[in-house]
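Geometric and topological summary
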Amino acid sequence: MSLYKDQSLSIYNSISKEKELFTPLHQGAVGMYVCGPTVYSNVHLGNCRTFLSFDLVFRYLKHLGYKVRYVRNITDAGHLENDGESGDDPILKKARIEQLEPMEVVQKYTVDFHNIMALFNANPPSIEPTATGHIVEQIEIVQTLIDKGYAYEKNGSVYFDVMTFNEDHEYGKLSGRQLEDMIANIRELQAQSDKKNPQDFALWKKAEPQHIMRWPSPWSVGFPGWHLECTVMSTKYLGKRFDIHGGGMDLKFPHHECEIAQAEGAHGASPVNYWMHANMLTINGKKMSKSTGNSILPRELFSGNNDLLKRGFSPTVVKFFIYQAHYRSILDFSNSALEASEKGFNRLMEAFKSIESLSHSKKSDFDISAWKQKCYDAMNDDFNSPILIAELFEGAKYINAVKDGSASITEEDAIQLHATMKAFLYDVLGLEEVGKATETDGAPFDAAMQVLIELRNSARANKDFATSDRIRDELLAAGIQLKDGKDGTSYSIQK
Ligand code: AMP
Ligand code: ZN
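Residues numbered from 1 in each chain as written. Chains lettered and ligands numbered in written order. Predicted model: local features only at pLDDT ≥ 70, side-chain atom pairs only at ≥ 80, totals over all residues. Heavy atoms only, no water.

Turning to the pattern of salt bridges, a few remarks are in order. Inspection of every chain in the model, using the stated rule, returns 18 salt bridges. In this structure, Asp55 and Arg59 form a salt bridge, with 2.9 Å as the shortest nitrogen-oxygen distance. One end of the pair, Asp55, and the other, Arg59, are both in helix H1 (residues 45-63), four residues apart, so they sit about a helical turn from each other. For Asp55, a relative accessible area of 2% translates into the label buried. (Salt bridge = Lys/Arg side-chain N within 4 Å of Asp/Glu carboxyl O. Helix = DSSP H or I, 4+ residues; strand = E, 2+ residues; numbered from the N terminus. Buried < 20%, exposed > 50% of the residue type's maximum accessible area, 1.4 Å probe, protein only.)

Okay, the coordination of the zinc ion (ligand 2) next. Octahedral metal centres with six donors ideally show angles of 90 or 180 degrees, and tetrahedral centres with four donors ideally show 109.5 degrees. On the protein side, the zinc ion (ligand 2) has Cys35 (SG), Cys230 (SG) and His255 (NE2) as donor atoms, found 2.0 to 2.2 Å from it. Of note, the zinc ion (ligand 2) draws all its donor residues from one chain, in the sequence arrangement C-x194-C-x24-H. Of this pair, Cys35 sits in the loop between strand S3 (29-34) and H1 while His255 is found in helix H8 (residues 252-267), placing the two residues 220 residues apart along the sequence. Residue Cys35 shares its accessibility class with His255, and that shared class is buried. (Donors = N, O, S within 2.8 Å, 3.2 Å for Na, K, Ca; no water.)

So, on to the confidence of the model for the protein chain. A residue-level look at the protein chain finds 94% of positions with pLDDT of 70 or above and a mean pLDDT of 92. Taken together, the stretch residues 436-441 has pLDDT below 50 and engages in seven contacts with residues farther than four places along the chain or on a different chain. (pLDDT = per-residue confidence, 0-100. Contact = heavy atoms within 4.5 Å.)

Our focus in this paragraph is the domain arrangement of the protein chain. Size of an interface: often given as the accessible area lost when the parts come together. Along its sequence, the protein chain is organised into domain 1 (12-278), domain 2 (281-434) and domain 3 (437-493). Centre-to-centre, using C-alpha coordinates, domain 1 lies 41 Å away from domain 3. (Domains from an automatic or database assignment.)

The next subject is the site of ligand 1. Residues in contact with ligand 1 amount to 15 residues; listed here are only the nearest, Thr38, Thr50, Asp250, Leu281 and Met288. Contacts to ligand 1 include Gly46, whose backbone N or O atom sits 3.0 Å from a nitrogen atom. One of the side-chain nitrogen or oxygen atoms of Thr50 is found 2.7 Å away from a nitrogen atom of ligand 1. Burial of ligand 1 by the protein chains amounts to 90% of its free accessible area of 500 Å². By residue number, the principal contributor to the shell around ligand 1 is H1, which donates four residues. Per-class residue counts for the shell around ligand 1 are six nonpolar, seven polar and two charged. Among the domains, domain 1 (12-278) and domain 2 (281-434) are the pair contributing at least three residues each to the shell around ligand 1. (Near = heavy atom within 4 Å. Polar contact = N/O pair within 3.5 Å; in protein donor to acceptor, adjacent residues only side chain to side chain. Areas by Shrake-Rupley, 256 points an atom, 1.4 Å probe, with all protein chains shown as cover. Nonpolar A, V, L, I, M, F, W, Y, C, P; charged D, E, K, R; others polar.)

Moving on, we come to the pairing of strand S2 (residues 18-21). Bridge analysis of strand S1 (residues 10-13) against S2 gives four bridges, and the strand direction is antiparallel. The partner of Ile11 across the bridge, within S2, is Glu20. If you look at the hairpin formed by S1 and S2, you'll find four residues sitting between the two strands, and Lys17 has a positive phi there, around 60°. (Pairing = 2+ DSSP bridges.)

Sheet architecture is open: four strands sit in the order S4-S3-S9-S10, paired in parallel fashion. Each edge of the open sheet carries a strand with a single partner, namely strand S4 (67-72) and strand S10 (272-278). Strand-to-strand twist of the sheet, defined as the mean angle between neighbouring strand axes without regard to direction, takes the value 20°. Pairing geometry for strand S9 (residues 242-248) and S10, over six bridges, is parallel. When the sheet's bridge partners are listed, Phe242 is paired in S10 with Val272. (Axes fitted to C-alpha atoms, helices over the stretch in contact; angles between N-to-C directions.)

Another point: helix H10 (residues 315-323). Of all the nine residues making up H10, nine are buried; the element is thus mostly covered by neighbouring parts of the structure. Within H10, burial applies to Pro315, Thr316, Val317, Val318, Lys319, Phe320, Phe321, Ile322 and Tyr323. Where H10 is buried, its residues meet H1, helix H3 (102-119), helix H9 (298-303), strand S13 (331-333), helix H11 (335-353) and helix H13 (385-403).

The next thing to look at is the pairing of S9. Along any regular strand, the residues point their side chains to alternate faces of the sheet. Of all seven residues making up S9, seven are buried, and the element is well covered by its neighbours. After leaving S9, the chain enters H8 and then returns to the sheet as S10, a path that is right-handed. (Right-handed = clockwise from strand over helix to strand, strands pointing away.)

Take the sheet that holds strand S12 (residues 286-287) next. Strands sit in the order S12-S11-S13 across an open sheet of three strands; the sheet is mixed. What marks the edges here is a single partner per strand, and that holds for S12 and S13. Strand direction decides the pairing type here: strand S11 (residues 281-283) and S13, joined by three bridges, are parallel. Bridging from a neighbouring strand, Thr282 pairs with Asp332 of S13.

A word on the environment of Ile15. Note on placement: Ile15 falls in the loop between S1 and S2. Sequence separation between Ile15 and Asn273 is 258 residues, and the spatial gap between their C-alpha atoms is 9.0 Å. Setting aside residues up to four positions removed in sequence, Ile15 forms contacts with Lys173, Leu174, Ile260 and Trp275.

The next thing to look at is the packing of H1 against H10. Closest axis-to-axis distance for the H1/H10 pair is 10 Å, and the angle between their directions is 75°. Classified by the angle their axes make, H1 and H10 are roughly perpendicular. Residues Leu45, Arg49, Leu52, Ser53, Asp55 and Leu56 of H1 lie in contact with H10, whose contacting residues are Val318, Lys319, Ile322 and Tyr323. Residue classes in the contact of H1 with H10 are distributed as six nonpolar, one polar and three charged. (Parallel < 35°, antiparallel > 145°, perpendicular 65-115°, else oblique.)

Before going further, it helps to spend a moment on the nonpolar core. Core analysis: the largest hydrophobic core is formed by 136 residues, its most contacted members being Leu301, Leu392 and Met421. Counting residues per element, this core draws most heavily on H1, which supplies ten residues. By size, the runner-up hydrophobic cluster in this structure holds six residues, among which are Ile453, Leu475, Ile480 and Leu482. (Core = buried A, V, L, I, M, F, W, Y, C linked by side-chain atoms within 4.5 Å.)

Tallying each qualifying case throughout the model produces 19 aromatic pairs. By the ring-pair criterion, three or more aromatic residues cluster together here, those being Tyr4, Phe22, Tyr66 and Tyr274. (Phe/Tyr/Trp six-rings, centres within 6.5 Å; stacked < 30°, edge-to-face > 60°.)

What follows concerns the side chain of Glu229. With respect to the helices, strands and loops of the structure, Glu229 is situated in helix H7 (residues 226-238). No salt bridge is formed by the buried Glu229, whose closest oppositely charged neighbour, Arg72, lies at an N-O distance of 11 Å. (Lys, Arg positive; Asp, Glu negative; His and termini not counted.)

Our focus in this paragraph is H7. Compared with an ideal rise of 1.5 Å per residue, which puts 13 residues at 18 Å, H7 spans 19 Å between its outermost C-alpha atoms and is within 8% of the ideal. For H7, the buried fraction is high: eleven of the 13 residues fall into the buried class. In the stretch just after H7, Gly239 is the one whose phi turns positive, near 100°. (Expected span 1.5 Å × (residues − 1).)

Below is the structure:
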């Protein structure tokens, strides 16, 4: 069904700073690229908010009948802050701390990321390429940029020449920064830097002896700069020009600005038609981030196992809470906001589930078709999920009015109301019923397991091995294996 022919979707384009009517390059098909996680630690709730924002975009585009190719990468090498002049690759750092191979770190956190996204009932992307799987293509594009005069080699490393690029292009157009201001504000070049100018950025870095993730190239044994992978992987799978590029607001500069410069320099074309940026999840007004230590992990949120939390919440309630804010607004995390979302979610689902048992009349007091279009209008207005949710509550209000006899509905309208609510709740928002017996219903189960693990630990501490062994053995008999490790006890379910 090509619903998109009847609906006109507008998207706020970060580069024009305006809402624009969405017209894909190829009729009926959409190419979308979203910057994925750097897999050196567990994703926190802030990261998840951004990925869930784009899951909503993906789902709605598919709901409208578009054939969507959604590419989201895994950064498994090369994410250096400040081009490595003030720090090491976080994956390597983590590998040293955990005494693992870098690829073990990558695997561990990629699996965790996938599990978390599955718990949130997010759809996997169509392609999930890795930086390390595209080294050859990255070397090729560096060579092209050198050949075209936009990059230079120095001591085995290659840098993008921003000044030269800016002579015939506009560096800074996404982030709204002027090169002159950048030059005026930028700190002095570090003495050991090989860059011609501080605003230049690394395309290829020669590896120091301790840098074990390294590949041969025409310039040195080294590794690619972080911005390069996204240029390579987006254009490889979506073409030199594609429809949508997304990521968190904090990636606008330098990451996305550099992506534009690289793609324009190498391919002579602006790569992206619609730039979308999701706003941040904050906690007490501060951006949730790993480095400031204010991050909450999704599993902690599901189990309630974090000092900032009063109790656990199911993944679908967390998702509902996230979608009650528009993706371009800041969302502040709090226990009370989550509790309010949970109440609202339960009310909405209860009303939805009762539609099928409503008694029907010969007339309706509610214009279902007009209401249905309002739901679409909300999503067509730059994926405005809070307005959509408000409309769904209008539907629920009507259902409750029919239930208490103060309004009536025809059978036909009840069918349409049910189908519309189902489509928006399940297909577009990707919500699930709490209490459904699936893996996603892990929160109460996990909380119960934590209680058992604590009881076993205290039994062991009291040398009551009869009790501790009994807990372990009876759980095993029930198909749950406890595992004691460095970081405490975890469990796995035997399939
Ligand atoms: P990273 O793994 O650091 O590259 O981040 C993965 C994604 O999460 C990026 O798109 C970031 O913009 C996004 N992100 C990081 N912190 C937050 C936050 N507090 N709220 C929303 N998105 C975030
Ligand atoms: Zn990226």
